[in-house]
Amino acid sequence: MRKVRELFNINPKGKRALVISGGGSKGAFAGGVAEYLIDVNRNKYDLFVGTSTGSLLISHLALDKVSKIKEIYTNISRRQIFNRYPFTIKEDKFGGKQVGINHLEVMRGFLKGRKTFGESKNLRKLISKTFTEQEFHKIKESEKDVVVTVSNLSLNQVEYKSIKDFEYKDFCDWVWISANYVPFMSLVKKEGCEYADGGFASAVPIEEAIRRGATVVDVIVLDTEVTYYNRLPAKNSFALMTAVHGYMGNRIKNQNIQVGKLLATNKNAILNFYYTPIVLTTNSLVFDKKKMHEWWKRGYNYAEQQSNAVQKEKIEYND
């Protein structure tokens, strides 16, 4: 019975949800997958749950404004995100990019009493500029729900913020907070607590989607399903910190997925996974317009391939 339901994506009197994990610039790949699922497959979602870059995507996807968010993601620059950028980027002799620490910018920030290496106040401005109050009310007054994930560092807990529970300014704050990968981006104080990227606690919020009644969940995970590379030895303390963050992030994602699968089994829910087929980048805080455009196209093509494979299974099953 479960095999039949997986093939035909039957939704037994429940909601269909789209879950998008954290992943920084790799969100362009998620956008491509979502474009195919929404515009070609015509999937109708009742619930959108995102973490970090996923939180930046889902409001526009809920509005069916895929082309708008595509234009934003494939033309984004680091200056639109960071008001203090903590990295330096140099091309090596092989045409690749070497990412290092911007010592001058970091030291200048510390002398001014900043708590983080970089700051992303420009991203908050971009959110308000690209997601209008009119669009906010359109979603809020609809039957759709948009939920973003944040980490409350003061209370040591994960929190999920629904668009239904807040006014425009506060919800934009939560979207921004969800995408603040500290200590490289802003640490935000709100409602008496310090908040940061939701990925520190729930990088792939499948559990929350099911808890909110989803019985079919399309999950976009911005990492490969298996590990394809070994990290090079850290050249400095900054590189070591990014490597440790990456390691912890991968462990959290794997745990989220395992918990989500277990809950889906218990609740008789269907999970459809979309992983990146290759390693897109080892530093998702580097925003390269050309690469993000390629990743969006790759995500679209990958979703198309997955859909064609499912259709083939349906035909073989019927035969």
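Bear in mind that the values here come from a model prediction, so they are computed numbers and not experimental data. (Residues numbered from 1 in each chain as written. Predicted model: local features only at pLDDT ≥ 70, side-chain atom pairs only at ≥ 80, totals over all residues. Heavy atoms only, no water.)

Q: Just to check I follow, could you spell out the overall build of the chain for this structure?
A: A tally of regular secondary structure across the chain gives 11 helices and 10 strands. Counting across all 319 residues of the chain, residues that qualify as buried make up 51%. Counted over contacts in the chain with a minimum sequence separation of 6, partners at least 24 positions apart contribute 78%. Here the chain has roughly 16200 Å² of accessible surface; of this, 50% comes from carbon and sulfur atoms. (Helix = DSSP H or I, 4+ residues; strand = E, 2+ residues; numbered from the N terminus. Buried < 20%, exposed > 50% of the residue type's maximum accessible area, 1.4 Å probe, protein only. Contact = heavy atoms within 4.5 Å. Areas by Shrake-Rupley, 256 points an atom, 1.4 Å probe, with all protein chains shown as cover.)

Q: How should I be thinking about the nonpolar core in this particular structure?
A: The tendency in soluble globular proteins is for nonpolar side chains to be buried side by side. The biggest cluster of nonpolar side chains holds 65 residues, and the ones touching the most others in it are Leu18, Leu61, Phe131, Phe171 and Ile220. Broken down by element, the residue count for this core peaks at 8 residues, all from helix α2 (residues 27–40). Beyond its immediate sequence surroundings of up to four residues, isoleucine 220 is in contact with Leu18, Val19, Ile20, Ser21, Ala30, Val33, Ala34 and Tyr274. In terms of nonpolar packing, the next biggest core, distinct from the first, is built from 22 residues, Val19, Ala203, Ala269 and Tyr275 among them. (Core = buried A, V, L, I, M, F, W, Y, C linked by side-chain atoms within 4.5 Å.)

Q: Would you explain the packing of aromatic side chains in this entry?
A: How two aromatic rings sit relative to each other is set out by the distance from centre to centre and by the angle between their planes. Considering all chains together, one arrives at 16 aromatic pairs under this definition. Each ring, one from phenylalanine 110 and one from phenylalanine 117, has its centre 5.7 Å from the other, and the planes form 55 degrees; the classification is tilted. A relative accessible area of 14% means that phenylalanine 117 is categorised as buried. Grouped by ring-pair contacts, the aromatic residues Phe82, Tyr85, Phe87, Phe110, Phe117, Tyr181, Phe184 and Phe200 constitute a single cluster. The ring of tryptophan 174 has lysine 161 sitting right over it, with the charged end atom 4.3 Å from the ring centre. (Phe/Tyr/Trp six-rings, centres within 6.5 Å; stacked < 30°, edge-to-face > 60°. Lys NZ or Arg CZ within 6 Å of the ring centre and 35° of its normal.)

Q: Would you mind showing me how to read unusual backbone geometry here?
A: A negative phi angle characterises most non-glycine residues, just as the trans form characterises most peptide bonds. Note that the residue after valine 182, namely proline 183, is joined by a cis bond; omega there is 5 degrees. One non-glycine residue, aspartate 64, adopts positive backbone phi at about 60 degrees. Relative to the assigned elements, aspartate 64 resides in the loop between α3 (53–62) and α4 (66–73).

Q: Honestly, the pattern of salt bridges in this entry has me stumped. Any pointers?
A: Oppositely charged side chains can pair when the atoms bearing their charge come close. A complete count under the given rule lists 19 salt bridges for this structure. Lysine 169 is paired through a salt bridge with aspartate 173; the nearest N and O atoms lie 3.6 Å apart. Of this pair, lysine 169 and aspartate 173 both sit in helix α8 (residues 168–178), 4 residues apart, which is roughly one turn of that helix. Classification of lysine 169 as exposed rests on a relative accessible area of 55%. Where lysine 190 meets aspartate 173, a salt bridge forms, and the shortest distance between an N and an O atom there is 3.0 Å. (Salt bridge = Lys/Arg side-chain N within 4 Å of Asp/Glu carboxyl O.)

Q: Teacher, can you tell me more about the side chain of aspartate 173 here?
A: Classification of aspartate 173 by relative accessible area gives buried; the value is 10%. Polar contacts involving the side chain of aspartate 173 include one to the side chain of arginine 124, which spans 2.7 Å. With residues near it in sequence (within four places) discarded, aspartate 173 still touches Arg124 and Lys190. (Polar contact = N/O pair within 3.5 Å; in protein donor to acceptor, adjacent residues only side chain to side chain.)

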